[in-house]
Amino acid sequence: MKTTSFAKKILNAPYIVWSVIFIIAPLIMVFYYAFTDRSGAFTWNNIIALKNYGETFGRSILYAVVATLICLVISYPLAYIIARSGASKRSTLMMLIMLPMWMNFLIRTYSWLTLLANKGVINTILGAIGLGPFHMINTPGAVILGMVYNFLPYMVLPIYSIMSKLDFSLTEAASDLGCNGFQVIRRVIFPLSVPGIISGITMVFVPSVSTFYISQKLGGGKYLLIGDSIEMQFQSAYNYNLGASLSLVLMLMIIACMFVMNKFADDEGAAII
Amino acid sequence: MSIPNYIHRLERGCKLNEKTIIINLKNISVSFDEQQILKNINLFIRDGEFVTLLGPSGCGKTTTLRIIAGFLEPDSGEVIFDGKTINGVPAYKRQVNTIFQRYALFPHLNVYDNIAFGLKNKKVPKDEISKTVTEMLGLVNLKGFEKRNIESLSGGQQQRVAIARALAVRPRVLLLDEPLGALDLKLRKDMQFELKNIQQRLGITFIYVTHDQEEALSMSDTIVVMNSGEIQQIGSPTDIYNEPVNAFVADFIGESNILDGIMRDDYYVEFEGMRFKCVDKGFGKNEPVDVVIRPEDVDIVPSEQGMLRGEVTSVTFKGVHYEIIVDINGFKWMIQTTEKSEVGDVIGISIKPEEIQVMKKSEYSGLYGDYSSFSDEFDGLSDPNTEQSEDENAQEEE
């Protein structure tokens, strides 16, 4: 076996210190709080209390899945178009995708509040041409819209990066061998872009399922998500123990989802044909 | 259409009934960004022929191939396949298949599925697909490779899979875009032989694009020499080599000494201040011409017996022969000989009448045929004012 040299160990040291302080230690603390009560004694009560949060968990997953699917449907053709356009057009389009990310997350979300409100910008404009008003704010749709809007770039970027590396002669080879436009996408472009789709789904689903604030602002507090519940336990209820157990379960859930996704991805390439 | 091209077509015209024309390009022109890539190309290709489009990079040979494949529509002109105009017919409906420069094999599929790809599109029954794939693997000597991953194959094996994939759908015409460019020399020679073999066995038309003149000479029935978007000459390999129509063709196919000459009369040409007997006629009296003499056709004789005399300036051993550069009145000749000379020797040369090829003056006259250096590009490399082409810059950056 190769032994690591002393110099290499020294070089690795900062990363080891980093991961201990910022990854391992917080995880241990989450575990500790999740299984203790306020006095620090071991208890199952925090885990048992989670049965009241079944609906919140279910809603979080449902909204996150819907938002992820919408992101995928929007991003896939968009990434394809960007990857296929000329260099100057491509950088303009990428710029437009990135532009909202330069704004603060809270401001971005808050601005939708003014757009969607019952007497907001959209309803005022629709009213001027004799339509509406529509009830948009404080609905599940508004919450999902917020998620899609905030996390869309995280779906576009990985798919785009795969698509732009795709060898164009492969699509020519496919049409040479008798594929029409749709078959080229189904039999060549799609299977080859699966890795981009998988990382896009991961990067949208994870923040969506654990998000807070979006549902408080755009859902009017009626559709609390698991992220909001955790925030509440830490910020207003000061029940760190329950908050930690909620976080723990959320974490396990995300790991399980990712595991299933990756399993699915491995078979995808072959299964799609 | 250039005049020699026209004459060539007339000559071939009498044989037209023997074999049918499968592809006919009429007045094809293409431009990209206001730069003309193809200028009024006229070319017909007979069924079962091995045709090579030969020319330097940027001459329009790959563009011509892409037009036939259907990846590119010409700005003007007609593409006729088997008697029918196929302008506007998409690539996937054409009975031609392409072998791409970098093979373009599907990395997500194994060898079997790559070869079966086209057949699945045609909704061929499963057992028939499996039969064809096995047959194709046998044809390219890759039996037992069905389950192999594309990335685990060597360049030569990938090349064979690409050939099998294209042939599996039984195209009428196979287009090959510099297919051997990425292989090493020995393997390339083997594959040349094998491709020619496959073509003869299946009897389908091959249209082969290359910039390698040796490859073109050894494989083709017909060579189409192209430069800057125009066809320079169409002919059999021996025609092209022995009777080049202009200085460009003479220089591009093999080595040539190209001199300024004057046709004094039928069978008499004057160059280097000497009158030589030759076998060409039909030029105007005292018409300026280009004279081509191949390096292997020059005989070295003692200086007092030579038709011309000069000093040896360089001797290079090439294995089979020596390559000698001789300065004769300021013009550097290349001579290939099995006898050794020393730098500084004064030698005489002798040329037989049938070794002198006389060509009409063309736009390429005076550009080629002096062996002060082997390529114009080399001269440009040491000149800071010469701009290099884009890919050379790209390579420097790497």
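Residues numbered from 1 in each chain as written. Chains lettered and ligands numbered in written order. Predicted model: local features only at pLDDT ≥ 70, side-chain atom pairs only at ≥ 80, totals over all residues. Heavy atoms only, no water.

### Here we look at the overall build of chain A
The line we're drawing: Under the scheme used here, helices are H or I runs from DSSP no shorter than 4 residues and strands are E runs no shorter than 2 residues, and both carry numbers assigned from the N terminus. Accessibility here uses a 1.4 Å probe with only protein chains present; expressed as a share of the type maximum, an area under 20% marks a residue as buried, one over 50% as exposed, and anything in between as partly exposed. Throughout, a residue-residue contact means that at least one pair of heavy atoms, one from each residue, lies within 4.5 Å. Note on areas: Shrake-Rupley with a 1.4 Å probe; residue coverage comes only from the protein chains shown. His is not counted, nor are the chain ends; Lys and Arg add positive charge and Asp and Glu add negative charge. Here the site of a charge means atom NZ of a Lys, CZ of an Arg, CG of an Asp or CD of a Glu.
When its secondary structure is counted, chain A shows 12 helices and 0 strands. Order of helices (α) and strands (β) in chain A, N terminus to C terminus: α-α-α-α-α-α-α-α-α-α-α-α. The dimensions of chain A, computed from C-alpha atoms along their principal axes, are 75 × 70 × 35 Å. Taken over 273 residues, chain A has a buried fraction of 40%. Taking the contacts inside chain A whose residues are at least 6 apart along the sequence as the reference set, 70% of them involve residues at least 24 apart. If you sum the accessible surface of chain A, you get close to 15100 Å²; carbon and sulfur atoms cover 72% of it. Each charge sign in chain A was given a centre, from 17 positive and 10 negative side chains, and these centres are 7 Å apart.

### Here we look at the pairing of strand E6 (residues 96-99) of chain B
Residues and elements named next belong to chain B. Quick reminder of the rule: Following DSSP output, two strands are said to pair if at least two bridges run between them.
Residues Val96 and Thr98 of E6 are buried on one face, and the alternating residues Asn97 and Ile99, pointing to the opposite face, are buried as well. Bridge count for E6 against strand E7 (residues 173-177) is 4 bridges, and the pairing is parallel. Bridge assignment links valine 96 to a residue of E7, and that residue is valine 173.

### Observations regarding the sheet that holds strand E1 (residues 21-32) of chain B
Residues and elements named next belong to chain B. Judged by pairing direction, the sheet is antiparallel, and its 4 strands sit side by side in the order E2-E1-E4-E5 without closing on themselves. In this open sheet, the two strands that pair with only one neighbour each are strand E2 (35-46) and strand E5 (84-85). Relative to E2, E1 is paired through 8 bridges, and the arrangement is antiparallel. Pairing of isoleucine 21 across the sheet is with arginine 46, part of E2.

### Some points on the nonpolar core
So the rule is basically this: As used in this record, nonpolar core signifies buried Ala, Val, Leu, Ile, Met, Phe, Trp, Tyr and Cys residues forming a set joined through side-chain atoms within 4.5 Å.
Counting residues in each nonpolar core, the largest one holds 121 residues, and the members touching the most others are Ile23, Leu43, Phe106, Ile115 and Ile207 of chain B. Sort the elements by how many residues they give to this core and helix H7 (residues 140-165) of chain A lands first, with 12 residues. Setting aside residues up to four positions removed in sequence, leucine 43 of chain B forms contacts with Ile23, Asn24, Leu25, Leu53, Val224, Ile231 and Ile234 of chain B. Counting 25 residues, the second-largest nonpolar core is a separate cluster that includes Phe271, Val326, Ile351 and Val358 of chain B.

### With respect to the sheet that holds strand E14 (residues 287-293) of chain B
One key point about sheets: their strands pair by backbone hydrogen bonds, in either a parallel or an antiparallel sense. Residue and element names in this part refer to chain B. Quick reminder of the rule: To get an axis, a line is fitted to the C-alpha atoms, and for a helix only the part in contact is used. The angle between two axes follows their N-to-C directions and goes from 0 to 180 degrees.
Reading across the sheet, the 5 strands line up as E13-E12-E11-E14-E20 and stay open at both edges, with antiparallel pairing between neighbours. Across the chains shown, the open sheet's two edge strands, defined by having one partner strand only, are strand E13 (274-277) and strand E20 (357-360). Between one strand axis and the next, the sheet turns through 45° on average, direction left out of account. Pairing of strand E12 (residues 268-271) with E13, which is carried by 4 bridges, proceeds in the antiparallel orientation.

### What to know about the state of the cysteines
The criterion, for reference: In what follows, a disulfide is any cysteine sulfur pair within 2.5 Å.
One pass over the structure, following the stated rule, counts 0 disulfides over all chains. Looking at cysteine 71 of chain A, it has no disulfide partner, and the nearest cysteine sulfur is the one in cysteine 257 of chain A, 16 Å off.

### Examining the interface of chain B and chain A
Applied cut-off: Two parts placed together each lose some accessible area; with a 1.4 Å probe, that loss summed over both constitutes the buried area. By salt bridge we mean one thing: a side-chain nitrogen of Lys or Arg within 4 Å of a carboxyl oxygen of Asp or Glu. Identification of polar contacts relies on pairs of N or O atoms within 3.5 Å, with a donor-acceptor requirement for protein atoms, meaning one able to donate a hydrogen and the other able to accept it, and with residues adjacent in sequence counted only if both atoms are side-chain atoms.
The partner chain A presents 17 residues to the 21 residues of chain B that form the contact. Of all residues in chain B, Tyr92, His108 and Asn121 of chain B give up the largest surface area on contact with chain A, accounting jointly for 33% of the area buried on that side. If you look at where chain B meets chain A, you find 1 salt bridge. Where arginine 66 of chain B meets glutamate 172 of chain A, a salt bridge forms, and the shortest distance between an N and an O atom there is 2.7 Å. At the junction of chain B and chain A, the tally comes to 8 residue pairs in polar contact (both at pLDDT 80 or more).

### Focus on the domain arrangement of chain B
All names here are of chain B. Quick reminder of the rule: Domain limits in this description derive from either an automatic procedure or a database domain assignment.
Here chain B is described as being made up of domain 1 (3-242) and domain 2 (247-387). Computed from C-alpha coordinates alone, the two centres of domain 1 and domain 2 are separated by 35 Å. On the side of domain 2, 10 residues touch domain 1, which itself brings 16 residues to the contact. For the pair domain 1 and domain 2, the summed buried surface comes to about 1100 Å²; carbon and sulfur atoms form 61% of the total.

### Quick word on unusual backbone geometry
Residue and element names in this part refer to chain B. The residue asparagine 141 is not glycine, and still its phi comes out positive at about 60°. The residue serine 228 is not glycine, and still its phi comes out positive at about 35°. Locating serine 228 in the fold gives a position in the loop between strand E9 (222-227) and strand E10 (230-235).

### As for the pattern of salt bridges
Residues and elements named next belong to chain B. Under the definition given, this model contains 19 salt bridges over all chains. Residue lysine 361 pairs with aspartate 290 through a salt bridge whose shortest N-O separation is 3.0 Å. On the criterion of sequence distance, the pair formed by lysine 361 in the loop between E20 and helix H10 (376-381) and aspartate 290 in strand E14 is long-range, its members being 71 residues apart. According to the relative accessible area criterion, lysine 361 is partly exposed, its value standing at 35%. On the basis of relative accessibility, which here comes to 1%, the residue aspartate 290 falls in the buried class.

### Some remarks on the pairing of strand E18 (residues 331-337) of chain B
Residues and elements named next belong to chain B. With 6 of 7 residues buried, E18 is to be regarded as a mostly interior element. Pairing of strand E17 (residues 322-328) with E18, which is carried by 7 bridges, proceeds in the antiparallel orientation. In the strand pairing of E18, valine 326 is matched with tryptophan 333. Joining the antiparallel neighbours E17 and E18 is a turn of 2 residues, in which asparagine 329 adopts a positive phi near 50°.

### With respect to the confidence of the model for chain A
Stated formally: Per-residue confidence from the predictor is reported as pLDDT, which spans 0 to 100.
Here chain A averages 86 in pLDDT, and 95% of its residues register 70 or above. Ignoring residues within four places in sequence, the model shows residues 269-273 of chain A, a span with pLDDT below 50, making 7 contacts including any to other chains.

### Quick look at the side chain of asparagine 121 of chain B
You can see asparagine 121 of chain B is positioned in helix H3 (residues 111-121). A relative accessible area of 11% places asparagine 121 of chain B in the buried class. With residues up to four places along the chain from it excluded, the contact list for asparagine 121 of chain B reads Ala174, Leu177, Gly178, Cys179, Gln183 and Arg187 of chain A.

### Quick look at the packing of aromatic side chains
Put simply, the rule is: Here a pair means two rings of Phe, Tyr or Trp (six-membered ring of Trp) with centres within 6.5 Å. Their orientation is stacked below 30 degrees between planes, edge-to-face above 60, and tilted elsewhere. By definition here, charges over rings are those cases where NZ of Lys or CZ of Arg is within 6 Å of the ring centre and within 35 degrees of the ring normal.
One pass over the structure, following the stated rule, counts 21 aromatic pairs over all chains. For the pair phenylalanine 248 of chain B and tyrosine 364 of chain B, a centre-to-centre distance of 5.2 Å together with 40° between the ring planes defines the contact as tilted. Of this pair, phenylalanine 248 of chain B sits in helix H9 (residues 247-252) while tyrosine 364 of chain B sits in the loop between E20 and H10, placing them 116 residues apart in sequence. The class for phenylalanine 248 of chain B is buried, based on a relative accessible area of 4%. Sitting above the plane of the phenylalanine 117 of chain B ring, arginine 187 of chain A keeps its charged end 3.9 Å from the centroid. When the ring centre of tyrosine 241 of chain B is taken as reference, the NZ or CZ atom of arginine 294 of chain B above it lies at 3.9 Å.

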